[in-house]
Amino acid sequence: QVQLVESGGGLVQAGGSRRLSCAASGSIRSINSMGWFRQAPVKQRELVAGITSGGSTNYADSVKGRFTISRDNAKNTVYLEMSSLKPEDTAVYYCNVVVTLPVDGLARGYWGQGTQVTVSS
């Protein structure tokens, strides 16, 4: 089993910053891609940022230049540094990790429990 524990959500004023963390633990051979998604009320879940095992990153157009994704492979942790936050960034943020399991060598995706980020105007 693989567990993901997210932290860092909360209330922040517009223009402020916030850092989200997501730590993976459990039966892991290796971690492939890691990413952050978000879901606002009455909207579909959308990709915010992703990072590959090699460190390549991609971002949603709406967050480019404001958010930075990074990972610490030694800690099996992915981070999302958010700055210049806007009210429209308000959402539940979920981390997603693709893990290769030692039991069968297959890759599977796992979701964090979600952390609420609320940006007040």
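Residues numbered from 1 in each chain as written. Predicted model: local features only at pLDDT ≥ 70, side-chain atom pairs only at ≥ 80, totals over all residues. Heavy atoms only, no water.

### Comments concerning the environment of Val 92
Argument step 1. If you trace the backbone, Val 92 turns up in strand β9 (residues 91–100).
Argument step 2. Expressed as a C-alpha distance, the spacing of Val 92 and Ala 23, which sit 69 residues apart in the sequence, is 17 Å.
Argument step 3. The contacts of Val 92, once residues within four sequence positions are left out, are Phe 37, Arg 38, Gln 39, Gly 114, Thr 115 and Gln 116. (Helix = DSSP H or I, 4+ residues; strand = E, 2+ residues; numbered from the N terminus. Contact = heavy atoms within 4.5 Å.)

### Comments concerning the sheet that holds strand β1 (residues 2–7)
Argument step 1. As summarised here, the arrangement of the 4 strands in space is β1-β3-β8-β7, forming an open sheet in which the pairing is antiparallel. Two strands lie at the open edges of the sheet, namely β1 and β7 (67–72), each paired on one side alone. Across the sheet, the mean angle from the axis of one strand to that of its neighbour is 15°, orientation sign disregarded.
Argument step 2. Strand direction decides the pairing type here: strand β3 (residues 18–26) and strand β8 (residues 77–82), joined by 6 bridges, are antiparallel. When the sheet's bridge partners are listed, Arg 19 is paired in β8 with Glu 81. (Pairing = 2+ DSSP bridges. Axes fitted to C-alpha atoms, helices over the stretch in contact; angles between N-to-C directions.)

### Some remarks on the state of the cysteines
Argument step 1. Across all of its chains, the model carries 1 disulfide by this definition.
Argument step 2. Covalent S-S linkage joins Cys 22 and Cys 95, the inter-sulfur distance amounting to 2.0 Å. Negative torsions about the S-S bond denote left-handed disulfides, and the value of about 45° found for Cys 22 with Cys 95 makes this one right-handed. Placement of the pair is Cys 22 in strand β3 and Cys 95 in strand β9, with a sequence separation of 73 residues. (Disulfide = S-S within 2.5 Å.)

### Observations regarding the pairing of strand β11 (residues 115–120)
Argument step 1. Side chains of β11 alternate between two faces, with Thr 115, Val 117 and Val 119 buried and Gln 116, Thr 118 and Ser 120 left unburied.
Argument step 2. Bridge count between β9 and β11: 3 bridges; the pairing is antiparallel. Among the inter-strand pairings, Ala 91 is bridged to a residue of β11, identified as Val 117. (Buried < 20%, exposed > 50% of the residue type's maximum accessible area, 1.4 Å probe, protein only.)

Any functional reading would require information beyond the geometric quantities listed.
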